[in-house]
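Coordinate analysis (summary)
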Amino acid sequence: MLNWSKLSLRRQIISLFIFIEAILLIGISFYFTYSERQFYLSQLQTVLENEARLVMAQEVINFEQETTQMVQWLGEMGKILDKRITVINRQGVVLADSDYNAKEMDNHLDRPEIKAILAGEAKGISIRKSDTINIDMYYLAVPLERQGEIAGFIRISESLQEINSIIRRSIINNFFFLLVMLLITLLLVWKYSKDIINPLNKITGLAGKLARGNFQERIRVNDQNEIGTLARMLNFMAAQLESMISQISEEKSRAEAILTSMLDGLIAVDKQLYIRMINPAAQDIFAVKPGKLKGRKLIEVIRHHEIDNYLEAAMENNQILSEELSLQKGEKKILRCNFVPIVNEEGEVTGGVVVFNDITELRRLEQMRTEFIGNVSHELRTPLTSIIGYIDTIVDNQIEDLSTLKRFLKIIKTEADRLALLIKDLLDLSRLEGKERQFSLLPGDLPGIINKTVLLLRDQAERKGITIIKELPPYIPPVYMIAEQVEQVLTNLIDNSIKYTAKKGWVKICLRVEQQRVIVEIKDNGLGISPADQERIFERFYRVDKARSSSQGGTGIGLSIVKHIIQNHQSKITVESEPGKGSIFRFDLQKVEQK
């Protein structure tokens, strides 16, 4: 369906002119055609009425019965007048007809022209298709009165074929006249609309370029009418805008450069706390999408009533406030906030500015440092205390029993080995967390590393009666990895499964290929891990059972090392476990595409 509002102005003008012209010409054409037809029918009516009166005056007409003389006379008169003449009695019976046998004709009392006379009309007229010859006919009937009563009717009819033919020719002529007028109108309107639309298109083009920031463009319009005046005013406006925008752009560029380059977030508001400016750093801090932020209430955007309250207080008291606040929206953040009122030349507060310094990472590092120092101190102090205690015992008591001395030295060595292992794990973890080191992943044989690891840990498993099961497909493609690190991961995970699985249990190593990854699963039917502990087992120095871990020789860093190694392999390690039913540690490595 045509959408008028989507048409161009030229098409609207042309369509409107064509529509009006067509309606006007069609109306005129119908009017003249109708008038012409009515003129011909009026002339025909006059002729038929006179001829009917002429026929009625003849003595040969008999309304009582059909006579041979009347029939013959009607036939001759019909040929002379080139009309069809019919004599009908008061009962509607056709007594004679100039063209047809009256005895074969129906009763005519229900004919419209006869019914009109019976209804009181002086004459009856009807235009219809003849039932006898099936063409359009004009019927005119007049009554014959005797002694004040209708004795019969004389009806004369003539075919309308000639008049209809004249009317059709008139309609065709009018159609061609209408077509010519439409074409002439179209050419005139096209020329007229072009003279209007072309300057408007130039003005529209200039306005579009101004909207896109091109203020150097100008248009040339020589017309002295309203359109020419509009064009000249638009050129003047473009010149003024170019000057003002140039100044504003310079100032805006300097301000944006400063605000965008700021690492601290900044929000400026008016006196009613509606945002007037917010820089990208502040948008990142409060996780708000860039958009229509200007003009919105501060509380609606940042959703933090304390910031809103402190800023309002700073503006009311006209003083600078500094507070450290915690932001709980999404990821927890700690912000150092400075609230500064904006004062005009008259000393009135017109708004305020908040500067946000995200100190979350600083606080997190401080907490990590504190926890790390505490954990390391505790882990180092335990074996050192044991070593110093036994050495002091040996030195102070001058033990001569060789077996007792060996037992003490064995304990000292165990604690020294534990201390060395802890230091090694700390160095490994530091190396893995170091961002300056780049790791190169190379194609490697994963089943070969699994076999090597199982061979190293088999004796440990056999001492507890634990069965190590390997479920490996017939073919495992090479994977991208650092071989010694993946071996360290497998050793740590399998060693943990052996340590925390009861005697006569099992540890299962499973591999499977899924699309572009090779999935590795270490399963056991050991003690299992509670849901609360599963979230923290990859933290440094975190132990599910500290007493048991210490007795097993663990440092609490192994799984943290595993997590960082797997992350360096662009993957992630997950755990599924249920207390008393065992655990499943799962990670995946990218397979090497075979060429």
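Below or above, wherever it landed, is the structure these notes cover. (Residues numbered from 1 in each chain as written. Predicted model: local features only at pLDDT ≥ 70, side-chain atom pairs only at ≥ 80, totals over all residues. Heavy atoms only, no water.)

**A few points about the sheet that holds strand β12 (residues 467-471)**
What counts here: Any two strands are treated as partners once DSSP identifies two or more bridges connecting them. Elements are defined by DSSP. Helices are runs of H or I of four residues or more, strands are runs of E of two residues or more, and each kind is numbered from the N terminus. Angles here are taken between N-to-C directions and fall from 0 to 180 degrees, while the axes themselves are lines fitted to C-alpha atoms, restricted in helices to the stretch in contact. Two residues form a contact once any of their heavy atoms are found within 4.5 Å.
With mixed pairing, the five strands of this open sheet are ordered in space as β12-β14-β15-β17-β16. The open sheet has two edge strands with one neighbour each: β12 and β16 (574-578). Each adjacent strand pair in this sheet contributes to an overall mean axis angle of 15°, direction not counted. Bridge analysis of strand β15 (residues 517-524) against strand β17 (residues 582-590) gives eight bridges, and the strand direction is antiparallel. The residue of β17 that forms the bridge with isoleucine 519 is aspartate 588. Along the sheet, helix α12 (residues 483-499) contacts β12, β14 (506-514), β15 and β17; its crossing angle with β15, the most-contacted strand, is approximately 25°.

**Quick look at helix α15 (residues 558-568)**
Applicable threshold: Relative accessibility thresholds used throughout: buried, under 20% of the residue-type maximum; exposed, over 50%; partly exposed, between the two (1.4 Å probe, protein chains only).
Extensive coverage of α15 is indicated by the burial of nine of its eleven residues. Of all the residues in α15, the buried ones are Gly558, Leu559, Ser560, Ile561, Val562, His564, Ile565, Ile566 and Asn568. Following α15 by one or two positions, glutamine 570 has its phi on the positive side, about 55°.

**Let's talk about the pattern of salt bridges**
Formally: Counted as salt bridges are all cases of a side-chain nitrogen of Lys or Arg within 4 Å of a carboxyl oxygen of Asp or Glu.
Tallied over the entire structure, the rule returns 18 salt bridges. Of the charged contacts in the structure, one is a salt bridge between arginine 276 and aspartate 270, with a shortest N-O distance of 2.9 Å. With a shortest N-O distance of 2.9 Å, glutamate 576 and arginine 586 are connected by a salt bridge. Residue glutamate 576 is located in strand β16, and its partner arginine 586 is located in strand β17; the two are separated by ten residues in the primary sequence. On the basis of relative accessibility, which here comes to 42%, the residue glutamate 576 falls in the partly exposed class. Several salt bridges converge on common partners, so that one network encompasses Arg512, Glu514, Glu521, Lys523, Glu576 and Arg586.

**Some thoughts on the packing of α12 against α15**
The following threshold applies: By convention, the crossing between two helices is left-handed when the near helix turns anticlockwise from the far helix through less than a right angle, and right-handed when the turn is clockwise. Gly counts as polar in this scheme, as do all residues outside two lists: the nonpolar Ala, Val, Leu, Ile, Met, Phe, Trp, Tyr, Cys and Pro, and the charged Asp, Glu, Lys and Arg.
Between α12 and α15, whose axes approach to 10 Å, the crossing angle comes to 145°. Both α12 and α15 take part in a crossing whose hand is left-handed. Together, Gln485, Gln488, Val489, Asn492, Leu493 and Asn496 of α12 and Gly558, Leu559, Ile561, Val562, Ile565 and Ile566 of α15 make up the contact between the two elements. Its residues placed into classes, the contact of α12 with α15 shows seven nonpolar, five polar and no charged.

**Considerations on the pairing of strand β6 (residues 265-270)**
For β6, a buried count of six out of six residues is recorded, marking the element as mostly surrounded by other parts of the structure. In β6, alternate side chains face the same way, and those of Gly265, Ile267 and Val269 on one face and Leu266, Ala268 and Asp270 on the other are all buried. Sheet analysis places β6 next to strand β10 (residues 349-358), joined by six bridges and oriented antiparallel. The partner of aspartate 270 across the bridge, within β10, is glycine 351. Between β6 and strand β7 (residues 275-278), which pair antiparallel one after the other, the connecting turn spans four residues, and leucine 273 there sits at a positive phi close to 65°.

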